[in-house]
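# Structural features, examined
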Amino acid sequence: MPNSVGVRKNMNIINLPEAVENVIKQLEAAGYEAYAVGGCVRDCLLGLTPYDWDVTTSAPPEKTMSIFGKSAIPTGLQFGTVSVKSDNYVVEVTTFRTDGVYTDNRRPDSIAYASSLPEDLSRRDYTINAIAYSLSGEIIDPFNGIRDLNNKLIRAVGAPRERFEEDALRMFRGLRIAAKLDFSIHPNTFSAIYEKAHLAAFLSAERIKDELKKFLVCPNTYMITCVFESGLMKSFGVGNNCPDFENLSSLPADGYSRLCAMCYLLEKEGVISGTKRFLEDLRFDRNSIKMAESVVEILTNDLPDNMVGWKRLLSSHGQDVCITAALVAKTVENFNFAFVLRQVIDSGECWSTKSLAIDGNDLIKLGYSGKRIGEELEKLLMYVIEHPEKNQTSLLIEIAKQDLADN
């Protein structure tokens, strides 16, 4: 239950956007309580800029719809949520509520509207997300979330095992928030994640994929190790061993390079049997799967330490894949052949049929047709890769003539 000292004057300056203030003011003007709540309050207290803004209110959702009229969107009425467009913001407005039974370990089967803000806060996942803020400058913090913020601690509201049985996604979210903010996880909450990790099997692949993508852009990536080590990913056929992902944080937070590095380490350690199948099961997009599979393939073999080898890889995989592979190799394996790759790219030497001194039209004039055109261009490319000085129209035409005569 909430502690008795849960309200305090705002000792930190929280500047709500005017659009969010207007939403709260309109709800209050209609006679209802309304507060900014959750992650947006947490981020403000940490001096961060929130990405999303949530408001909790005593107004029933149908009243919220009535108050805001055309600006209101019934995005989650069954859960008491209405999205309100205010200037350039979309504010999620949810009625004070308590949750019923969670039979699917994700969503409550039913909800009941609560009579007070503390009741609503008691259903939330972590103490640092169970903080509300009023326009009068009061911070409502019944579960000592500010104390945990100051201590850089992720702690579940109430009994952590119950929170995770209600919604298994909370386990991913707790680890991710810790990675994002560089926080620790309270021992009881941490042990409960390992104990209840099997419940992640009830989550959709898309939900887990979205969490992993968010993990991969966090400043610190060490918590990804816990995702696999805890058993949260066992429903995707992962093994028991788990590599250390801490070095991934030194890679660009672009999603691709860290995803490729993660898959390479997982496959190298035998945690997954194959990158393509693993990412397909998680419903990743085709471009991400192709990129990761190609990078892992390159890294699984010996990286070239010469320009010819890199030109061959560039020819078969493309520049983006090769640059990512070189970057991951340097970060994960301390193999620094990226400078050789850079020499190839800067040299302007040919590694693609597009850069050959002749093209398909030239071959057609010589008498080539059908698939033989592509085959000959590829053969000429391999020759030019090893002999870059031979990339001359006249020389390649003579070679092509001789190849045609020989066949």
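So, a few notes on the structure that sits alongside this text. As the structure is a prediction and not an experimental result, all values here were calculated from the model.

### Observations regarding the nonpolar core
In this structure, Phe172, Phe228, Met233, Met262 and Phe278 are the most contacted members of the largest nonpolar core, which totals 103 residues. Beyond its immediate sequence surroundings of up to four residues, Phe172 is in contact with Ala200, Leu203, Ile208, Glu211, Phe215, Val227, Leu232 and Met233. Grouped together as the second largest cluster of nonpolar side chains are 13 residues, Leu363, Ile373, Leu381 and Val384 included.

### Some points on the pairing of strand E3 (residues 53-57)
Of all 5 residues making up E3, 4 are buried, and the element is well covered by its neighbours. In this structure, strand E2 (residues 34-37) lies alongside E3, joined through 3 bridges in antiparallel fashion. Pairing of Ala34 across the sheet is with Thr57, part of E3. Bridging between E3 and strand E6 (residues 89-95) involves 5 bridges; their strand directions are parallel. Note on E6: the bridge partner recorded for Trp53 is Val91.

### With respect to the pattern of salt bridges
Within the structure shown, the criterion is met by 21 salt bridges. Two residues, Arg123 and Asp120, come together in a salt bridge whose shortest N-O distance is 3.2 Å. With respect to burial, Arg123 and Asp120 carry one shared label: buried. The partner of Glu386 in a salt bridge is Arg312, with the nearest N and O atoms 2.3 Å apart.

### Focus on helix H1 (residues 18-29)
Compared with an ideal rise of 1.5 Å per residue, which puts 12 residues at 16 Å, H1 spans 16 Å between its outermost C-alpha atoms and is within 8% of the ideal. Within H1 the residues assigned to the buried category are Ala19, Val20, Val23, Ile24 and Leu27. Along the axis of H1, the buried residues cluster in a sector spanning 140 degrees; they form a single face. More than 90 degrees from the buried face of H1, the exposed residues found are Glu18 and Ala29. In this fold, the buried residues of H1 make contact with E2, E3, helix H3 (61-68), strand E5 (81-86) and E6. Downstream of H1 by a residue or two, Gly31 has a phi angle that is positive, lying close to 95 degrees.

Analysis parameters
Residues numbered from 1 in each chain as written. Predicted model: local features only at pLDDT ≥ 70, side-chain atom pairs only at ≥ 80, totals over all residues. Heavy atoms only, no water. Core = buried A, V, L, I, M, F, W, Y, C linked by side-chain atoms within 4.5 Å. Buried < 20%, exposed > 50% of the residue type's maximum accessible area, 1.4 Å probe, protein only. Contact = heavy atoms within 4.5 Å. Helix = DSSP H or I, 4+ residues; strand = E, 2+ residues; numbered from the N terminus. Pairing = 2+ DSSP bridges. Salt bridge = Lys/Arg side-chain N within 4 Å of Asp/Glu carboxyl O. Expected span 1.5 Å × (residues − 1). Arc of directions from axis to C-beta.

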